[in-house]
Amino acid sequence: MGGMEKLYFKVLARFENEELFPKMVQLAEAAGELNYEKVKNIIHNLKTTGGSVGASHIHYICYYMQAHYVE
């Protein structure tokens, strides 16, 4: 594995630990409170960050969740 691949996986691991996992807990709490505005904001943040680090599955899941929120 080359240096760029190692760096990419390091960035993904950091995204997972510092962004994804904490946001998933926040998302569950907000959904439990029926605070849909907070749910929308958390999803938007995850969509943006996921897209920035190349986590396309997270990005698109959040995109569709956001689209359903609008509907």
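Here, the structure is the one placed above.
Quick summary incoming for the structure in this document.

The rules behind these values
Residues numbered from 1 in each chain as written. Predicted model: local features only at pLDDT ≥ 70, side-chain atom pairs only at ≥ 80, totals over all residues. Heavy atoms only, no water. Helix = DSSP H or I, 4+ residues; strand = E, 2+ residues; numbered from the N terminus. Buried < 20%, exposed > 50% of the residue type's maximum accessible area, 1.4 Å probe, protein only. Phe/Tyr/Trp six-rings, centres within 6.5 Å; stacked < 30°, edge-to-face > 60°. Axes fitted to C-alpha atoms, helices over the stretch in contact; angles between N-to-C directions. Parallel < 35°, antiparallel > 145°, perpendicular 65-115°, else oblique. Left-handed = near helix turned anticlockwise from the far one by under 90°. Contact = heavy atoms within 4.5 Å. Expected span 1.5 Å × (residues − 1). Arc of directions from axis to C-beta. Salt bridge = Lys/Arg side-chain N within 4 Å of Asp/Glu carboxyl O.

Okay, the environment of E33 next. Considering the arrangement of structural elements, one finds E33 in the loop between α1 (3–32) and α2 (36–53). With a relative accessible area of 54%, E33 lands in the exposed category.

What the rule picks out here adds up to 2 aromatic pairs. Aromatic side chains Y63 and Y64 sit 5.1 Å apart centroid to centroid with 80 degrees between the ring planes, which places their arrangement in the edge-to-face category.

Contact pair α2 / helix α3 (residues 56–70): the axes reach a minimum separation of 8 Å and the direction vectors enclose 150 degrees. Comparing the axis directions of α2 and α3 gives the class roughly antiparallel. Both α2 and α3 take part in a crossing whose hand is left-handed. Residues Y36, E37, K40, I43, H44, L46, K47, G50 and G51 of α2 pack against S56, I58, H59, C62, Y63, M65, Q66 and Y69 of α3.

Compared with an ideal rise of 1.5 Å per residue, which puts 18 residues at 26 Å, α2 spans 26 Å between its outermost C-alpha atoms and is within 8% of the ideal. Buried within α2 are the following residues: V39, I42, I43, L46, K47, G50 and V53. Projected down its long axis, α2 carries its buried residues within an arc of 145 degrees, all on one side. Those residues of α2 that are buried are in contact with α1 and α3. G54 sits one or two positions beyond α2 and adopts a positive phi of about 85 degrees.

Mapped onto the secondary structure, K6 falls in helix α1. When its relative accessible area of 54% is taken as the criterion, K6 is described as exposed. Sequence separation between K6 and V39 is 33 residues; the distance between their C-alpha atoms is 33 Å.

A word on the pattern of salt bridges. A complete count under the given rule lists 2 salt bridges for this structure. The salt bridge partner of R14 is E18, with a shortest N-O separation of 3.1 Å. Of this pair, R14 and E18 both sit in helix α1, 4 residues apart, which is roughly one turn of that helix. Since its relative accessible area comes to 55%, R14 is described here as exposed. The exposure class of E18 is exposed, given its relative accessible area of 52%. Note that K40 is salt-bridged to E37, the shortest N-O span being 3.2 Å. Of this pair, K40 and E37 both sit in helix α2, 3 residues apart, which is roughly one turn of that helix. According to the relative accessible area criterion, K40 is partly exposed, its value standing at 26%.

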